[in-house]
Amino acid sequence: MVRTYAVLLMAVGCISACNGAEPSSDPLVRIDTIGGTVVVESVPIAADTARLRTRIGVSGASGPKAAVFGRISSVTLSREGTLFVADAQANEVRLFSLDGAYVGAFGGPGQGPGEFGDLYSLGWLADTLAAMDPGNARISLHSEDGAYLGQRRWLAYSGPSSIIRLFSLPPGDLYTPYPSFDRDNPQHLFLRFRAGWLDPDTVGHPEEQRDVAGSLCRLPGGGISFFANPFAPRNIVVPGPGRTIVSAGTAEGKAVLWNEAGDSIRVWSVGEKPGAFPAAVWDSVTAEYAAYRAENPGADCEPDGFVRPAELPRLSGMFFTREGLLVMERPRAGGTRFDFFDAYGVLEQRVDLPERDPRVAPEFVGRRILLVEKDEFDVQYVALYER
């Protein structure tokens, strides 16, 4: 369901520049200003289903080489409609049309121009395709047909590719996480690259500490294993347009927009209760720990097991469309839900889609949604939806 309402829509710059809020005649939207912070609370709306336009990927090695991926680490989409798929195992970027037809490829393992040592993430610096390559400590730049255009120096900084990745934001800026070395004042730091500028600048936000929920197990003969609880409350921090930062707690589900001075200027929220936590989901996420305990009954684990939450987290991810509008991801039984907000922070549309591979960030361009999913054989494939 796409919501229509009487709020005057403005350009993307409103997210970081508007200090007030337009009045709304929509009874499903409440907009207040509290201490200089605009608080927008939307009432839940019915979810739409998006149309699957293209599926790229096959199970097994019998299919065409172009559609058999070793390990997809990133996907992106040009405004002209070319799909780019980063295969980290092959250190290669493959190009496809909107209908899934193979267009070509570039890259390959190595240290030379246009080669990759560890292909992590794809993004856009204005109209130039950027590829994060911590194996070669650089971000390489390419034209839309794959021609090598140069590089930017970058740290050999690695971690989950769903977190250590490139963020493409208007007006053509490229952000990437950067480690904080200040132990007394830890921050979430992001480097911002701009077209035509050789040196990036830094955007930061104080790090909010939460206890890491999990179980630490020690074997009597030596050896330590840690099992994290993926549904424990955590903080999500991402860069926003115009040197802003957006943060949210997965348990609270409210997104807060912060300016450069560290002042909160906008809050997005949807007033609804989370769903009940399905037993089948809990069994799947704790299967590895259960198998470890069965194989190692003498292990000393602290704590011994996890407590299943009564409710699903209110939030599982935050993203921005290429146009700079916020998208909040919420878990649901059997899949995922994306909430799309307009420039004023009003919930405009929500879309229910199948479960995606959480290791690969989704991409949103216009009304197109690009996801990486898995088939019944646990093989990755690319799915392009239109909402």
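Residues numbered from 1 in each chain as written. Predicted model: local features only at pLDDT ≥ 70, side-chain atom pairs only at ≥ 80, totals over all residues. Heavy atoms only, no water.

Re the overall build of the protein
Helices and strands together make up the secondary structure of the protein, namely three helices and 30 strands. Here the protein has roughly 17,700 Å² of accessible surface; of this, 52% comes from carbon and sulfur atoms. (Helix = DSSP H or I, 4+ residues; strand = E, 2+ residues; numbered from the N terminus. Areas by Shrake-Rupley, 256 points an atom, 1.4 Å probe, with all protein chains shown as cover.)

A look at the packing of aromatic side chains
Here a ring pair, both rings aromatic, is described through the centre-centre distance and the interplanar angle of the planes. The tally for this structure, following the rule as stated, stands at 12 aromatic pairs. On the numbers, 5.9 Å between centres and 85° between planes, the contact of phenylalanine 167 with phenylalanine 190 is edge-to-face. Of this pair, phenylalanine 167 sits in strand S13 (residues 167-169) while phenylalanine 190 sits in strand S15 (residues 187-193); the two residues are 23 residues apart in sequence, bridging distant segments of the chain. Among the residues examined, phenylalanine 190 registers a relative accessible area of 5% and is labelled buried. Aromatic pair tyrosine 289 and phenylalanine 306: ring centres 5.4 Å apart, planes at 40°, arrangement tilted. Here tyrosine 289 is found in helix H3 (residues 287-295), whereas its partner phenylalanine 306 is found in the loop between strand S23 (300-302) and strand S24 (317-320), with 17 residues between them in sequence. The same class applies to tyrosine 289 and to phenylalanine 306, which are both buried. Through successive ring pairs, a cluster of aromatic residues spans Phe227, Phe277, Trp282, Tyr289, Tyr292 and Phe306. Just above the ring of tyrosine 381 sits the side chain of arginine 55; from NZ or CZ to the centre is 3.8 Å. Above the face of the phenylalanine 340 ring, arginine 387 is positioned so that its terminal group lies 3.8 Å from the ring centre. (Phe/Tyr/Trp six-rings, centres within 6.5 Å; stacked < 30°, edge-to-face > 60°. Buried < 20%, exposed > 50% of the residue type's maximum accessible area, 1.4 Å probe, protein only. Lys NZ or Arg CZ within 6 Å of the ring centre and 35° of its normal.)

Regarding the confidence of the model for the protein
Chain-level statistics for the protein give a pLDDT mean of 85 and a share of 89% at 70 or above. Confidence drops under a pLDDT of 50 for residues 16-21, and excluding neighbours within four residues, the segment shows 15 contacts in the predicted structure. Long-range and interchain partners of residues 59-63, a stretch whose pLDDT sits below 50, account for six contacts in this model, where long-range means more than four residues apart. (pLDDT = per-residue confidence, 0-100. Contact = heavy atoms within 4.5 Å.)

Structural notes on the sheet that holds strand S17 (residues 214-218)
Strand order in the open sheet formed by three strands is S18-S17-S23, with antiparallel pairing between adjacent strands. Looking along the sheet, the strands with just one partner apiece sit at the ends: strand S18 (224-228) and S23. Strand-to-strand twist across the sheet, computed as the mean angle between neighbouring axes with direction ignored, equals 20°. Examined bridge by bridge, S17 and S18 share five bridges and lie antiparallel to one another. Within S18, the residue paired with glycine 214 across the bridge is alanine 228. (Pairing = 2+ DSSP bridges. Axes fitted to C-alpha atoms, helices over the stretch in contact; angles between N-to-C directions.)

Re the nonpolar core
Ranked by internal contacts, the top residues of the largest apolar core, which has 28 residues, are Val246, Ala255, Trp268, Met318 and Met328. Among the elements of the structure, S13, strand S19 (235-240), strand S20 (244-249), strand S21 (255-258), strand S22 (264-270), S24 and strand S25 (326-332) are those that each provide at least two residues to this core. (Core = buried A, V, L, I, M, F, W, Y, C linked by side-chain atoms within 4.5 Å.)

Observations concerning the environment of aspartate 263
Here aspartate 263 shows up in the loop between S21 and S22. A C-alpha to C-alpha distance of 9.1 Å links aspartate 263 and glycine 36, two positions 227 residues apart in sequence.

Description of the pairing of S24
Here S24 shows two buried faces, one formed by Gly317 and Phe319 and the other by Met318 and Phe320. In this sheet, S25 lies alongside S24 in antiparallel orientation, the contact comprising four bridges. Bridging across to S25, methionine 318 finds its partner in methionine 328. Hairpin connection from S24 to S25: five residues lie between these consecutive antiparallel strands, with glycine 324 at a positive phi of about 95°.

With respect to the state of the cysteines
Working definition: the covalent bond between the sulfur atoms of two cysteines is a disulfide. Enumeration over the complete set of coordinates arrives at one disulfide. Between the sulfur atoms of cysteine 217 and its disulfide mate cysteine 301 the distance is 2.2 Å. Judged by the torsion about the S-S bond (115°), the cysteine 217/cysteine 301 disulfide is right-handed. Linking cysteine 217 in strand S17 with cysteine 301 in strand S23, this pair joins segments that are 84 residues apart in sequence. Comparing cysteine 217 with cysteine 301, the two get one shared label, buried. (Disulfide = S-S within 2.5 Å.)

Quick look at the pairing of S19
Here S19 lies mainly inside the structure; five of its six residues are buried. When S19 meets S20, the two strands line up antiparallel, connected through six bridges. From the neighbouring strand, asparagine 235 faces S20, where its bridge partner is glycine 249. Taken together, S19 and the strand that follows it, S20, pair antiparallel across an intervening segment of three residues, in which glycine 242 is found at a positive phi of about 65°.

Concerning the sheet that holds strand S16 (residues 201-206)
What the four strands build is an open sheet, ordered S13-S14-S15-S16; its pairing is antiparallel. Edge positions in the sheet fall to S13 and S16, since each has one partner strand and no second. Within the sheet, the average angular offset between the axes of one strand and its neighbour, ignoring direction, is 30°. Looking at chain direction, S15 and S16 are connected through six bridges and run antiparallel. Each residue of the ladder has a partner; that of glutamine 187, found in S16, is proline 206.

Observations regarding the pattern of salt bridges
Applying the stated criterion across every chain yields a total of 25 salt bridges. Residues glutamate 41 and arginine 30 are paired through a salt bridge, measuring 2.6 Å at the closest nitrogen-oxygen approach. Of this pair, glutamate 41 sits in strand S2 (residues 37-42) while arginine 30 sits in strand S1 (residues 29-34), and the two are 11 residues apart along the sequence. In this structure, glutamate 260 and arginine 243 form a salt bridge, with 2.7 Å as the shortest nitrogen-oxygen distance. Of the two residues, glutamate 260 is situated in the loop between S21 and S22 and arginine 243 in the loop between S19 and S20; the sequence distance between them amounts to 17 residues. We classify glutamate 260 as exposed; its relative accessible area is 56%. Counted as one network, the salt bridges with shared partners bring together Asp173, Arg192, Arg194, Asp201, Arg243 and Glu260. (Salt bridge = Lys/Arg side-chain N within 4 Å of Asp/Glu carboxyl O.)

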